[in-house]
2 protein chains.
Amino acid sequence: MHSDMEGVVEKLATKNGGKIVLLVADGLGGLPDPKTGLTELETARTPNLDALAAEGVTGLHLPMPPGITPGSGPAHMALFGYDPIRYEIGRGVLEALGIGFDLWKGDVAVRLNFATVDGEGRLTDRRAGRIPTEKCVELAAKLDAIELPGVQKFVRPVKEHRAALVLRGGGLAGGIADTDPQRTGVPPLPVVAATKEQEKTAALLTLFLEKSRGILKGEPKANALTMRGIAMRDSIPTFEERFKLNAAAIAEYPMYRGVAGLVGMKVLPGVDSPEAIAQVLKGAFADYDFFFVHFKKTDTMGEDGNFEGKVAACERLDALIPSVVAVNPDVLVVTGDHSTPSCLGSHSWHAVPVLICGRSARRDAVRAFGESACLAGGLGTIRAVDVMPLALAHAGRLAKFGA
Amino acid sequence: MHSDMEGVVEKLATKNGGKIVLLVADGLGGLPDPKTGLTELETARTPNLDALAAEGVTGLHLPMPPGITPGSGPAHMALFGYDPIRYEIGRGVLEALGIGFDLWKGDVAVRLNFATVDGEGRLTDRRAGRIPTEKCVELAAKLDAIELPGVQKFVRPVKEHRAALVLRGGGLAGGIADTDPQRTGVPPLPVVAATKEQEKTAALLTLFLEKSRGILKGEPKANALTMRGIAMRDSIPTFEERFKLNAAAIAEYPMYRGVAGLVGMKVLPGVDSPEAIAQVLKGAFADYDFFFVHFKKTDTMGEDGNFEGKVAACERLDALIPSVVAVNPDVLVVTGDHSTPSCLGSHSWHAVPVLICGRSARRDAVRAFGESACLAGGLGTIRAVDVMPLALAHAGRLAKFGA
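Section: the overall build of chain A
Then comes step 1: Looking only at helices and strands, one finds 14 helices and 13 strands in chain A.
Then comes step 2: A compact globule built from 403 residues should have a C-alpha radius of gyration of about 22 Å, and chain A, at 23 Å, falls within 12% of that.
Then comes step 3: Considering only C-alpha atoms, chain A reaches an extent of 70 × 55 × 40 Å along its principal axes.

Written as structure tokens, this is what we have:
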């Protein structure tokens, strides 16, 4: 690794060059079925992806350092060329983005957990017995009526015991420590400002918690709140600033639309079917330099532990390829954000197949798009954050370093 | 990556050990001819290189982080084991080295651009209509007569609108911002010292610009100057300091002779033909621990977009091998500094084949020296800065780390 790789790429990025499509099949990587020795992607019939693998250069990418399993936020940030450790997005921000909340620069977002406390205010259940989502919706609506001086405030339900709080107004600050003590038997921690800049925000959150007590005091389970991931969304340089790319996103799920918006992509109408994605891509192709296209089903099936379902999702992904190729991007990258092996039923740290097509791709011997085949690919095993610089290079968008 | 790899290598380097030859074929890496699927190197008949590949260990190296195309300066610095981002050489220094100017420690080198300004001093052409090189030679000679108090000063023509200025004397400093505003319609920027140390140099450069106005005012096109890459050449530790190597360079082109000199190599007579290189190498072999041998033709042909010419250059490189092997170095490394695919006609970011021969090389299955074959090599894909530590290790010149 080099001193300041991200800074170097930013300095070399040029305004003109070819068009790039980054097609991300969520959770694409898998593990083999012990009976066949083939992963979901390798089991699937994927003639279009295999043709791209034969035409372009292939390899694997690691979303994070070896052994680290990323969440969806960091995995996408890495693919977008942002070191996911340096650009750690606050949980509050991800929670708000995940429900499709339109966060503005300067907003502070907080993840709220409904919790149970005893008569002395000590936590007895940090998740309020996982109250049903309907209860969460009802309580969030009540909390949304709380008024705070000088700022706007939004409380939105997420799921079960989880909700999101957003403050909007001047002079706010993130980075305030969680009030969740991470154990029961003690009261929630107070909201403490560690810097001068955090004082106003800490005072407002403290007032919010005071007012919430009156609203929640009759509740059998959700009679208290803790706050986590108190964070702002305004410190992330955009694709335009970093890569001089006018970028657009085609994604259906709020979380991915949110992360794309966070890096300054124009978020196009959210669609999911191969046909609809193709149509939106074609319609917008003239207007942008870069397209992030998100395909969700591969992850959903992996999370469900459904090997056959994930095989079918890979075939659905393959069916999307001809319409993407039809818009004739100068560079086409197909990969996943992380692995979601169906035998684990969850995200994992395993390397993810990646292929890059373009006129300057150094063709390798790989003729099929799969975890084992890509091991022999010309890219070798790279880091996810290296995918964007490579895409820019193949699009002729990176100037030479030095003379 | 490790905290301070360079520091570790420096601590472990020992004074005694075998002799190393690093043979660099400039721009060696290529891209395949679509008709044959073979690159220039793979198309060439290279029995000697193939025999070395079979005998030694092979792989590929990345000159810079993935996607970044290096200039010749950074690419050579990386192969010499210097992080090219950390040791970024100023454009002024490279310009002076490129014309064979003998830069001393403490010198400040500046790239001068002849430019055209209007009656109000606003730039109308930042390259003075690319004046002919003869005009550049004439004007550089006139500017060379300018006297500055307390320092020596050299103005040398480079090519067309480009010239080099070198200041020599005590108390100078580099790192001063360019005066080229990078656009027309505005005057050149003043020379501004950002630190106390830069004040003397900034004052001298300002005085130089004032005096140049009288000389250039009658010129129809080249009636002004801008300054870029104001830099010193004194902050680079030598091969002796870093690796305890008494090193020599055999290179014909000024730029490579310059970069070799920059890291403290003894620059031997510049020759180009395989026969002459062999003779110089043989004659000097007893006197040095390390030889950098530079072969230029592969890059020239790639830059010219001449696939067949580059194939021929690879075969010429191959013809040089027996005489290099004949001096019997303990370690022989053959590689390129970067790729120059003839289909792109320019440097590129693609990985470069590398082979290392020596008694401790762990032989791999690779039997041909080429981009595809080396993908299966025992070295894998390494970074260019890792080549030197490997060469030192194979030469028995790196002590064990820890007990």
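A few points about the nonpolar core
Then comes step 1: The biggest cluster of nonpolar side chains holds 258 residues, and the ones touching the most others in it are Ala391 of chain A together with Ala391 of chain B.
Then comes step 2: At 8 residues, helix α12 (residues 307-326) of chain A tops the list of elements feeding residues into this core.
Then comes step 3: Those residues in contact with Ala391 of chain A, other than ones at most four positions away along the chain, are Ile20, Leu22, Val331, Val333 and Ile356 of chain A.

Quick notes on the sheet that holds strand β9 (residues 266-267) of chain B
All names here are of chain B.
Then comes step 1: Spatially, β9-β8-β10-β1-β11-β12-β2-β13 is the arrangement adopted by the 8 strands of the open sheet, whose pairing is mixed. With one partner strand each, in any of the chains shown, β9 and β13 (380-383) form the two edges of the open sheet.
Then comes step 2: One ladder, built from 4 bridges, connects strand β2 (residues 57-62) with β13; its direction is parallel. Within β13, the position partnered with His61 by the bridge is Ile382.
Then comes step 3: Together, β2, β11 (331-335) and β12 (352-357) form the strand contacts of helix α3 (residues 47-55), whose direction differs from that of β12 by roughly 65°.
Then comes step 4: Helix α14 (residues 387-394) contacts β1 (20-25), β2, β11 and β12 of the sheet and is inclined by roughly 155° relative to β11.

Thoughts on the relation of the copies chain A and chain B
Then comes step 1: When chain A is fitted to chain B, the residual RMSD is 0.3 Å, and the transformation amounts to a turn of 122° plus an axial shift of 0.3 Å. In symmetry terms, the pair is related by a three-fold rotation axis.
Then comes step 2: Here only 8% of the interface residues in chain A have copies in chain B that are interface residues too; the copies meet through unlike faces.

Some words on the domain arrangement of chain A
Residues and elements named next belong to chain A.
Then comes step 1: For chain A, the assigned domains read domain 1 (5-88 + 237-394) and domain 2 (93-232).
Then comes step 2: Measuring from the centre of the C-alpha atoms in domain 1 to the corresponding centre in domain 2 gives 35 Å.
Then comes step 3: Counting residues at the interface gives 7 residues for domain 1 and 5 residues for domain 2.
Then comes step 4: The element that contributes the greatest number of residues to the side of domain 1 that touches domain 2 is helix α9 (residues 254-262), accounting for 6 residues.

With respect to the sheet that holds strand β9 (residues 266-267) of chain A
All names here are of chain A.
Then comes step 1: With mixed pairing, 8 strands are arranged side by side in an open sheet as β9-β8-β10-β1-β11-β12-β2-β13. The outermost strands of the open sheet, each flanked by one partner alone, are β9 and β13 (380-383).
Then comes step 2: Examined bridge by bridge, strand β8 (residues 247-250) and strand β10 (residues 290-295) share 4 bridges and lie parallel to one another. Across the sheet, residue Ile250 finds its bridge partner in β10, namely Val293.
Then comes step 3: Each of β2 (57-62), β11 (331-335) and β12 (352-357) is contacted by helix α3 (residues 47-55), which is oriented at about 65° to β12, the strand it contacts most.
Then comes step 4: Against the sheet, helix α10 (residues 274-284) contacts β8 and β10, and its axis sits at roughly 165° relative to β8.

Here's the deal with the confidence of the model for chain A
Then comes step 1: For chain A, the mean per-residue pLDDT works out to 94, and 99% of the residues sit at or above 70.
Then comes step 2: The ipTM assigned to the predicted complex is 0.85, against a pTM of 0.86.

Points about the interface of chain A and chain B
Frequently, the measure chosen for interface size is the accessible area removed from exposure when the parts meet.
Then comes step 1: If you look at the interface, chain A gives 25 residues, while chain B gives 32 residues.
Then comes step 2: Contributing elements (two or more residues each) for the side of chain A that touches chain B: α1 (5-12), β13 and α14 (387-394) of chain A.
Then comes step 3: Here the element with the most residues in the side of chain A that touches chain B is α14 of chain A; it accounts for 4 residues.
Then comes step 4: The residue makeup of the side of chain A that touches chain B, split by class, is 13 nonpolar, 6 polar and 6 charged.

Observations concerning the packing of α3 of chain B against helix α12 (residues 307-326) of chain B
Residue and element names in this part refer to chain B.
Then comes step 1: It is the contact of α3 with α12, at a shortest axis distance of 7 Å, that shows an interaxial angle of 60°. As the angle between them shows, α3 and α12 are arranged oblique. Two secondary-structure elements touch here, α3 through Pro47, Asn48, Leu49 and Leu52 and α12 through Asp318, Ile321 and Pro322.
Then comes step 2: Tallied by class, residues from the contact of α3 with α12 come to 5 nonpolar, 1 polar and 1 charged.

Details of the packing of helix α4 (residues 72-79) of chain B against helix α9 (residues 254-262) of chain B
All names here are of chain B.
Then comes step 1: Interhelical geometry of α4 versus α9 gives an angle of 40° and a closest axis separation of 10 Å. Between α4 and α9, the angle falls in the class oblique. Considering how the two elements wind past one another, α4 and α9 form a crossing that is right-handed. Contacts between α4 and α9 involve Ser72, Gly73, His76 and Met77 from the first element and Met255, Tyr256 and Val259 from the second.
Then comes step 2: Of the residues in the contact of α4 with α9, the class split is 4 nonpolar, 3 polar and no charged.

What counts as what
- Residues numbered from 1 in each chain as written.
- Chains lettered and ligands numbered in written order.
- Predicted model: local features only at pLDDT ≥ 70, side-chain atom pairs only at ≥ 80, totals over all residues.
- Helix = DSSP H or I, 4+ residues; strand = E, 2+ residues; numbered from the N terminus.
- Rg over C-alpha atoms; globule rule 2.2 N^0.38 Å.
- Core = buried A, V, L, I, M, F, W, Y, C linked by C-beta atoms within 7 Å.
- Buried ≥ 20, exposed ≤ 12 C-beta atoms within 10 Å, placed from the backbone.
- Contact = placed C-beta atoms within 7 Å.
- Pairing = 2+ DSSP bridges.
- Axes fitted to C-alpha atoms, helices over the stretch in contact; angles between N-to-C directions.
- Least-squares fit on C-alpha atoms with pLDDT ≥ 70 in both.
- Domains from an automatic or database assignment.
- pLDDT = per-residue confidence, 0-100.
- Nonpolar A, V, L, I, M, F, W, Y, C, P; charged D, E, K, R; others polar.
- Parallel < 35°, antiparallel > 145°, perpendicular 65-115°, else oblique.
- Left-handed = near helix turned anticlockwise from the far one by under 90°.

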